[in-house]
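# Per-entry structural report
This is what each chain is made of:
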Amino acid sequence: MDVLNRNIERLVYITDRAAGFVQVPPEDQYRLERGQGPGELERLLGAGNGVARHTVIFAGFDEYGQLDDMLSRYPFVDLSYRFILFGTEKEIEGFDIAHYHSIAGVRTSPLSAAECRITLRTTMLSIEELYTSKVMQQQYLNALNDTRKDQVDLIDIGRALSTEKDQNNLLRMILKLSKRITGADAGSIYLVEEDEAGNKRLRFKYSHTFSRTIPLEEFVMVMDKKSIAGYVAVTGEVLNIPNAYDLPDAAPYSYNSSFDKKNNYICRSMLVVPMRNHVDEIIGVIQLINSKENIDNRPDMEDEAFSIRLERPEDFDKYVVTFNEKYNSLLEAVAGQAAIAIENNRMIEQIQNQFEEFVKASVTAIESRDPATSGHSFRVAAICKEMARAINESKAGELGPVTFSENDIRELEYAALLHDFGKVYIDLAVFKKAKKLYPKDLENLILRLDYLYRFLELQYSMRETELLHRLAKEDAPDAVEGLLEERHESLSRIREIRDSIVALNEPSVVAENIEEKLNNLCSEIGQIGCVSVDGDHMEVISDNDRENLKIKRGSLNETERKEIESHVVHTYTFVSKIPWPPEYRRIPEIALRHHEKLDGTGYPDGIKGKDGMLIQSRIMAVADIYDALVASDRPYKKAMPMEKVITILKEEANRNILDKDLVDLFIEKRIYEKVSKDSFKDIQNGGRN
Ligand SMILES: [Fe+2]
Ligand SMILES: [Fe+2]
């Protein structure tokens with residue numbers, strides 16, 4: 001605030017009451033005014049803004065209070081004043097002038113012309129001194145405040161930049177803060193990058209102009225000294241340019257005015273600083289345009305960058321100033337912090353990408369063990385993401401208040417990608433078990449039944465031989481007939497039994513009386529009393545066969561089912577070993593619970609109700625079941641039409657197995673369509689067979 005250079009008006013004001021006590025000769029150096037009291041003086045002072053008034057007031061002692069009250073309301077830059085008061089002995093008796101700084105003197109008798117001149121001169125001088133010292137004080141205070149503000153800004157910038165993880169938000173923030181500090185109207189950020197041939201170039205990455213609405217268009221430009229940004233990127237020099245249209249003749253760079261022409265803008269002052277990273281490499285350039293700082297000596301104008309609009313050409317003349325020199329180094333410090341934040345983010349992004357690719361590659365590898373479920377985890381992840389986004393959009397009902405940040409969505413995605421990772425610990429044969437008996441076991445059983453067949457056949461042959469012997473002695477043709485019939489029936493029965501066993505081997509859907517059927521078959525076979533070649537009793541249907549053939553639902557026995565179910569605990573143990581950053585800490589928990597059911601019949605812990613598990617796990621449960629239903633390649637299921645799938649999902653929700661709100665959202669928002677259209681492309685190209 002440059003108050004020292006203000007115009008000063010020296011004013012002498014004499015109240016009517018004091019008029020008889022003073023003889024002020026008119027002088028060029030001051031303006032002489034007379035009046036009745038505070039009202040008239042106030043009117044006098046009302047006009048003439050922007051002028052510093054140094055005023056000596058001659059007034060009656062009893063007028064002081066009112067006058068001083070009125071005058072003390074003016075800021076010192078507009079008015080500095082002193083009183084010379086006149087009163088009677090009685091009035092001033094006991095009055096201590098030391099307490100009243102605005103009183104320069106008190107008299108009981110009139111001043112002579114000479115006294116008047118001297119009093120006036122000395123009082124004016126003291127006013128001047130006071131004014132100057134106050135101005136200096138104010139200037140120091142302003143400078144101090146400025147420095148403190150810069151310091152606070154720098155600390156704030158450091159803090160803000162180090163926490164912003166999104167690259168675009170980061171650039172936006174860097175530019176906004178830089179503009180705020182310097183009062184710039186516009187600014188751009190360029191980032192250094194390499195083309196395919198490894199040559200450096202500049203990418204115009206982000207830009208903002210307060211006074212214009214201009215859509216952002218990224219472009220790349222050659223990184224050389226011919227452009228202003230290029231010059232700074234190449235040399236690392238800070239450029240503080242008062243007028244871009246009046247560059248020094250020797251400057252190697254020139255200003256490209258196409259932006260100005262296109263947007264009816266005038267780029268005048270510029271501050272361009274390099275962004276250096278921790279190894280002093282220039283990774284970009286911050287270019288600030290048109291500082292509007294400190295215009296018009298207005299101390300109340302705090303945030304010029306975002307309050308003064310440059311509309312007409314004259315606005316540029318009126319408001320735009322050269323960037324203050326102090327910003328050269330301050331902005332360089334900001335740019336340094338920005339560079340480190342940008343690099344940090346790049347590194348984090350790179351690590352994240354690498355990790356993501358690694359997770360995807362691992363999941364693909366594991367899923368390739370069993371082509372039947374290939375792509376399942378990717379599809380579940382895609383559905384989960386779509387669900388989370390749909391929940392963010394839903395504003396009503398129980399899901400209304402639930403929101404997922406981008407981090408939350410990524411956490412859910414990772415959990416979904418890894419949810420079946422524990423299957424790697426499980427015997428592949430169990431997974432692929434499509435029928436109740438493993439193919440080898442069925443093969444063996446059939447062989448034994450064939451053996452039984454031949455065994456019976458042999459028995460009958462022996463009985464036939466024996467009979468023929470007997471027939472040679474007695475004539476009994478009926479017996480031969482009977483035996484042949486019996487032989488035919490018994491052997492046919494074995495074939496029937498074999499067919500029944502093959503039928504029983506199919507995975508059951510409805511729980512019929514399988515066990516009784518099986519027991520009957522076993523006892524029927526047992527009665528035959530099959531013996532091996534060595535003459536030992538032979539069990540045609542083994543205990544293991546019986547155990548499996550009596551399975552009431554699906555193709556897995558109890559032990560196998562438990563083994564399959566253990567995949568969630570294996571997933572949990574494995575995923576817990578990954579040192580996740582805090583924002584992903586719930587991944588193991590989310591993945592662990594994807595087979596829990598709201599009615600408490602799920603696993604591993606049979607948790608009942610919504611409270612015991614995260615909503616992420618409930619989302620995953622819907623996605624997992626949906627994908628299991630639509631997958632045409634599950635061992636025990638054929639592909640289902642979508643209406644059927646939706647009906648089953650609704651039923652599961654009504655039976656309190658799946659979260660009804662989530663199933664409703666899934667159906668209502670047609671999540672399955674979005675996912676099948678957009679997210680399965682990659683998988684269809686490489687995964688599912
Ligand atoms: Fe699972
Ligand atoms: Fe799954």
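Here is what the cut-offs are and how they apply
Along every chain, residues carry numbers that run from 1 in the direction the sequence is written. The order in which chains are written sets their letters, starting at A; the order in which ligands are written sets their numbers, starting at 1. Whole-chain, interface and lining totals are the exception, using all residues; otherwise, since this is a predicted model, local features are given only for residues with pLDDT of at least 70 and side-chain atom pairs are given and counted only at 80 or more. Secondary structure elements are taken from DSSP: a helix is a run of H or I of four residues or more, a strand is a run of E of two residues or more, and numbering for both begins at the N terminus. Burial in this document is a count-based property: other C-beta atoms within 10 Å of a residue's C-beta are tallied, and the residue is buried at 20 or more, exposed at 12 or fewer, or partly exposed in between, with C-beta positions derived from the backbone. With C-beta atoms placed from the backbone, a contact is any residue pair whose C-beta atoms sit within 7 Å. Note: two strands are recorded as paired if DSSP finds a minimum of 2 bridges between them. The angle between two axes is taken between their N-to-C directions and runs from 0 to 180 degrees, where each axis is a line fitted to C-alpha atoms and a helix contributes only its stretch in contact. Each domain's extent was defined by an automatic or database domain assignment. Think of a nonpolar core as buried Ala, Val, Leu, Ile, Met, Phe, Trp, Tyr and Cys residues chained together by C-beta atoms that fall within 7 Å. Each residue gets a pLDDT score, which is the predictor's confidence in that residue and runs from 0 to 100. Note on convention: the crossing is left-handed when the near helix lies turned anticlockwise from the far helix by less than a right angle, right-handed when the turn is clockwise. All amino acids are sorted into three groups, where Ala, Val, Leu, Ile, Met, Phe, Trp, Tyr, Cys and Pro are nonpolar, Asp, Glu, Lys and Arg are charged, and the leftover types, Gly among them, are polar.

## Points about the overall build of the protein chain
Helix and strand counts for the protein chain stand at 24 helices and eleven strands. Expressed as lengths along the three principal axes of its C-alpha atoms, the size of the protein chain is roughly 180 × 70 × 40 Å. The burial tally for the protein chain puts 31% of its 689 residues in the buried class. Taking contacts inside the protein chain between residues at least 6 apart in sequence as the whole, the part at least 24 apart equals 68%.

## Digging into the sheet that holds strand S5 (residues 103–107)
The pairing of strands in a sheet happens through backbone hydrogen bonds and is either parallel or antiparallel. Pairing is parallel across the open sheet formed by five strands, whose spatial order is S2-S1-S3-S4-S5. Each edge of the open sheet is held by one strand with a lone partner, namely strand S2 (31–35) and S5. Averaged over all adjacent pairs, the angle separating strand axes in this sheet is 20°, with direction ignored. Where strand S1 (residues 7–15) meets S2, five bridges bridge the pair, whose relative direction is parallel.

## Side note on unusual backbone geometry
Residue Pro604 is reached from Tyr603 by a cis peptide bond, and omega for that bond is 10°. Structurally, Pro604 is set in the loop between helix H19 (587–592) and helix H20 (615–630). For Asp280, which is not glycine, the phi torsion reads 65° and is therefore positive. With respect to the element layout, Asp280 can be found in the loop between strand S10 (270–276) and strand S11 (282–291).

## Notes on the domain arrangement of the protein chain
What the domain assignment lists for the protein chain is domain 1 (3–139), domain 2 (164–347), domain 3 (368–423 + 562–686) and domain 4 (434–555). Domain 1 and domain 4 are separated by 131 Å when their C-alpha centres are compared.

## Section: the nonpolar core
Most often, soluble globular proteins have nonpolar side chains that are buried together. Core analysis: the largest hydrophobic core is formed by 48 residues, its most contacted members being Ile174, Val232, Met270, Val272, Ile286 and Ala338. With nine residues, helix H9 (residues 326–367) is the single largest residue contributor to this core. Residue contacts for Ile174: discarding those within four places in its chain leaves Leu161, Ile189, Ile286 and Ala338. With 45 residues, the next largest nonpolar core counts Ile590, Tyr626, Ile657 and Tyr672 among its residues.

## Focus on the confidence of the model for the protein chain
Across the protein chain, the average pLDDT comes to 87, with 94% of residues at or above 70. Segment residues 677–689 is flagged for pLDDT under 50; beyond a separation of four residues in sequence, or across chains, it makes 15 contacts in the model.

## Focus: the packing of H20 against helix H21 (residues 642–654)
The interhelical angle for the contact between H20 and H21, taken along N-to-C directions, is 145°, at an axis separation of 10 Å. The chirality of how H20 crosses H21 is right-handed. Here H20 contributes Ile625, Tyr626, Leu629 and Val630 to the contact with H21, which in turn contributes Val645, Ile648, Leu649 and Glu652. In terms of residue class, the contact of H20 with H21 is made up of seven nonpolar, no polar and one charged.

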